[in-house]
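The residues making up each chain are set out below.
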Amino acid sequence: MKKRWYNCHIATMQNGQYSIIENGAIISNAHLIEWIGPEAECAVDSSIESIDLQGAWVTPGLIDCHTHSVFGGNRSREFEQRLNGVSYAEIAAQGGGIVSTVKATRAASEAELLALALKRIEHLRREGVTCIEIKSGYGLDLANERKMLRVIREIAAQLPLTVKSTCLAAHALPPEYQDRADEYIDHVCDIMLPSLHAEQLIDAVDAFCEYLAFSPAQVERVFQTAKRLGLPIKLHAEQLSALGGSSLAAHYHALSADHLEFMSEDDVLAMAASNTVAVILPGAFFMLKETQYPPIQSLLKHGVPIALSTDLNPGTSPVLSLRLMLNMGCTLFGLTPEQALAGATLHAAQALGLADSHGSLAVGKVADFVAWDIEHPAEIMYWLGGDLNKRVIHHAQELTF
Ligand code: DI6
Ligand code: FE
């Protein structure tokens, strides 16, 4: 069915720029964009449904390309303990930290995890997010990683939302493998990834390359397995220390390397050469009170596409607003509003392997867009908090909340 969306201004985000069409219109056919341009040039066919966008600014639907939004429990008590002076080491010794989320996730049923995740994702959807990536990584054994990935598939089935599923089995060392990290990586490569891929639960493979998680050599084995299975890869790299994970990811033509506070100039050049997206996560930076900044200007200078995301997770980034991350991308990291918006649209799509179909408004791409009641696109990241008036359209269907 065709629809004509008119009386709007459009920031198409073609080429990562606003690429504005003033007084524009869009014709959608089924879930795709069939025509886009100035309203004056839009053939008016009175037989198709016409939707008056009342002067709104239209942008592509927002894409949150890095989340851990499926997990049991939360760690607000730890947050409170830390602020009451209890050290991170003491909390970890009491069974806190990431291990506590693994315990809570293992203890939760699929239905419980689903209900919790839907509540969190609702915040993002109401903000204009039409596409999201969700990682496993709090199960850390075959049954529990499968449970998380099935929940991610169920979210996709229940919501008018595009969902990409990433297997992050190499997120942390499960307690039962203490001091046996190489054996756990064997298990991930020989059993978990092949089985979960055969069950069609995985769209991409990720790992946490960090001194407190897995070494570059261990990560490389995960990448080789992903490559053998034909799965795209992503990597948590250079968040807390410089191990060269982002160069390794680039060498394997990863879709993205994420965090990147401690990356070197050589890492930047490697990512530029492989066209790997740099996913910047201001929520984790802020919550950890990090002082080492990712080398944004160097990434820009060398043409590395930059995406922004919530990293929604219970430990380091309990962030329920992608719009807030766009603001932080500007205020903390010096991106322009145009660059920030590209980071949650065009470049986020590329980080998910969706560059051909998502992330900008153009003929042949999906009709996923937000019609914002604002004066200029910079307002999207200018306002802190609150809920901007908007209409959200996924696959040419207007959503109701
Ligand atoms: N980066 C992080 O900051 C975390 N995981 C990751 O890969 C933290 C996850 C957690 O603490 O639950
Ligand atoms: Fe993460």
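Our subject in this report is the structure included herewith. What you see is a predicted model, and the numbers here were worked out from it, not measured in a lab. (Residues numbered from 1 in each chain as written. Chains lettered and ligands numbered in written order. Predicted model: local features only at pLDDT ≥ 70, side-chain atom pairs only at ≥ 80, totals over all residues. Heavy atoms only, no water.)

Things to note about the pattern of salt bridges
Turning to step 1, where the next piece is worked out: For the coordinates displayed, the defined rule picks out 17 salt bridges.
Turning to step 2, where the next piece is worked out: Arg 150 serves as the salt-bridge partner of Glu 110, at 3.1 Å between the closest nitrogen and oxygen. Of this pair, Glu 110 sits in helix 4 (residues 110–127) while Arg 150 sits in helix 5 (residues 142–158), and the two are 40 residues apart along the sequence.
Turning to step 3, where the next piece is worked out: Using a relative accessible area of 31% as the deciding quantity, one classes Glu 110 as partly exposed. (Salt bridge = Lys/Arg side-chain N within 4 Å of Asp/Glu carboxyl O. Helix = DSSP H or I, 4+ residues; strand = E, 2+ residues; numbered from the N terminus. Buried < 20%, exposed > 50% of the residue type's maximum accessible area, 1.4 Å probe, protein only.)

Remarks on the packing of helix 6 (residues 181–198) against helix 7 (residues 216–229)
Turning to step 1, where the next piece is worked out: With their axes 10 Å apart at the nearest point, helix 6 and helix 7 run at an angle of 15° to one another. Overall, the two elements helix 6 and helix 7 adopt an arrangement that is roughly parallel. Every pair of crossing elements has a handedness; the one defined by helix 6 and helix 7 is right-handed. Every residue of helix 7 that contacts helix 6 at Ala 181, Asp 182, Ile 185, Asp 186, Cys 189, Leu 193, Pro 194 and His 197 is listed here: Gln 218, Arg 221, Val 222, Thr 225, Arg 228 and Leu 229.
Turning to step 2, where the next piece is worked out: The class makeup of the residues in the contact of helix 6 with helix 7 is 7 nonpolar, 3 polar and 4 charged. (Axes fitted to C-alpha atoms, helices over the stretch in contact; angles between N-to-C directions. Parallel < 35°, antiparallel > 145°, perpendicular 65-115°, else oblique. Left-handed = near helix turned anticlockwise from the far one by under 90°. Contact = heavy atoms within 4.5 Å. Nonpolar A, V, L, I, M, F, W, Y, C, P; charged D, E, K, R; others polar.)

Here we look at the pairing of strand 14 (residues 390–394)
Turning to step 1, where the next piece is worked out: Taking burial as the measure, the 5 residues of strand 14 include 4 buried ones, the bulk of the element.
Turning to step 2, where the next piece is worked out: Where strand 13 (residues 369–372) and strand 14 come together, 4 bridges link them in antiparallel fashion. Bridging across to strand 14, Ala 371 finds its partner in Arg 391.
Turning to step 3, where the next piece is worked out: In this structure, strand 14 lies alongside strand 15 (residues 397–398), joined through 2 bridges in antiparallel fashion. Note that in strand 15 the partner of His 394 across the bridge is Gln 397. (Pairing = 2+ DSSP bridges.)

On their own, these measurements won't tell you what the molecule is for.
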